[in-house]
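Structure at a glance
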Amino acid sequence: MRTLLIVNPNATSTTPATRDLLAHALESRTQLIVAHTQHRGHAAELAQWATEAEMDLIVVHGGDGTVNETVNGFLPLPHFTAGTETVVPASGRLPRLGVIPGGSANVFARSLGIDPDPVSATNQLIDLLSPGDEHGPDTVDRRIGLMVADGRWSIFSAGVGLDADVCEAIDRSRAAGKSATPARYVRTTVRQFFRSRRREPALTVRIPGRDPIESVHYAFVTNTNPWTYLDQRPVRTNPGTTFEAGLGVFAMRTMALLPTLRVVRQLLSAKSNPKSRKLFRTDDVPSVRIEADDEVGLQIDGDFIGRRNVVDFTSVPKALEVVAPKP
């Protein structure tokens, strides 16, 4: 098995010791090439090279942003048949994807059942690459659905409005040398909430076969569950959404403080099932369009993308083969 290990040395929780352990473990099972990312977009370039070189496996040691770059680098976008939800799958030989968490939240890896500790995740990956032994599963094959958002792959979630404003502010903090800790996310979210709560609702959410959901302040579209993590605590916007089903939609039609706090408490509950008269929530939809009166922010997998008037989100079933535990 020919493997490319992509390492983001600047990711939050990557260390030289963990990188050495991971490389040594993979060298014992595969023909390994190790590459360190050097600039934004480098993971996509490396993944594209791995595909052209017909590598069997790409392992990413980094955060969600590095995983997103990698997927967008090697997985071709599908072709959507005009006027329908039919997806023509991409053809050709593609590598499988493995992930060793190295970022701050690591939502994608943890949603796949991968241990958040890099050392434990390394051992888990080696077991998964050794089917049939006493510690490993009977197969490593798992095909998961992804989401196309704004003409690119999203591996777990996207947000329009408040969520994107938070990610934009966090990106500025990172550029200034500040780490993206859970505490910083919380402080930034609170600050952005109070800055934007007096704005008029500007979004309309359109789902095929349903009436438009109007007067929306902000919305999340998810491909799995949970939406994110605060340290070890999962934050669940759409508990019924999975990699094996369609998209989850979470759209808030208020910025009033008390209803917002009630929903936040539900999101953080161990048995989260958010409900509110001012909340629209649904699971397992094939596609979503969000329209804005004026351009609003868009984030995909935790990275601020830019400002848009219209964003389309489409579920693509069984898009990616991953080395991960069965659901």
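This is a predicted model, so every value here is computed, not measured.

How each quantity is defined
Residues numbered from 1 in each chain as written. Predicted model: local features only at pLDDT ≥ 70, side-chain atom pairs only at ≥ 80, totals over all residues. Heavy atoms only, no water. Core = buried A, V, L, I, M, F, W, Y, C linked by side-chain atoms within 4.5 Å. Buried < 20%, exposed > 50% of the residue type's maximum accessible area, 1.4 Å probe, protein only. Helix = DSSP H or I, 4+ residues; strand = E, 2+ residues; numbered from the N terminus. Contact = heavy atoms within 4.5 Å. Axes fitted to C-alpha atoms, helices over the stretch in contact; angles between N-to-C directions. Parallel < 35°, antiparallel > 145°, perpendicular 65-115°, else oblique. Nonpolar A, V, L, I, M, F, W, Y, C, P; charged D, E, K, R; others polar.

**What about the nonpolar core?**
- If you look at the biggest cluster of nonpolar residues, it comprises 51 residues, and the most contacted ones within it are Leu-26, Val-71, Leu-97, Phe-108, Leu-146 and Leu-320.
- Broken down by element, this core gets its largest block of residues, 5 residues, from strand S18 (residues 303-323).
- The residues touching Leu-146, leaving out its near neighbours within four places in the chain, are Val-71, Leu-75, Trp-153, Ser-154, Ile-155, Asn-223, Thr-314, Ser-315, Val-316, Ala-319 and Leu-320.
- Listed in part, the 24 residues of the second largest apolar core include Ala-149, Ala-158, Val-249 and Ile-290.

**Brief notes about the packing of helix H1 (residues 16-27) against helix H5 (residues 118-128)**
- Relative orientation of the contacting elements H1 and H5 amounts to 5 degrees, with a least axis distance of 10 Å. By the angle class used here, H1 and H5 are roughly parallel. On H5, the residues that touch Thr-18, Leu-21, Leu-22, Ala-25 and Leu-26 of H1 are Pro-118, Val-119, Thr-122, Leu-125 and Ile-126.
- In the contact of H1 with H5, the residues fall into 8 nonpolar, 2 polar and no charged.

**Structural notes on the environment of Ala-53**
- By the secondary structure assignment, Ala-53 is in the loop between helix H2 (42-52) and strand S3 (57-62).
- Taking the relative accessible area as the measure of exposure, Ala-53 reaches 24% and is therefore partly exposed.
- Separated by 35 residues in the primary sequence, Ala-53 and Thr-18 place their C-alpha atoms 27 Å from one another.

Scope: geometric values only; no functional claims are made or implied.
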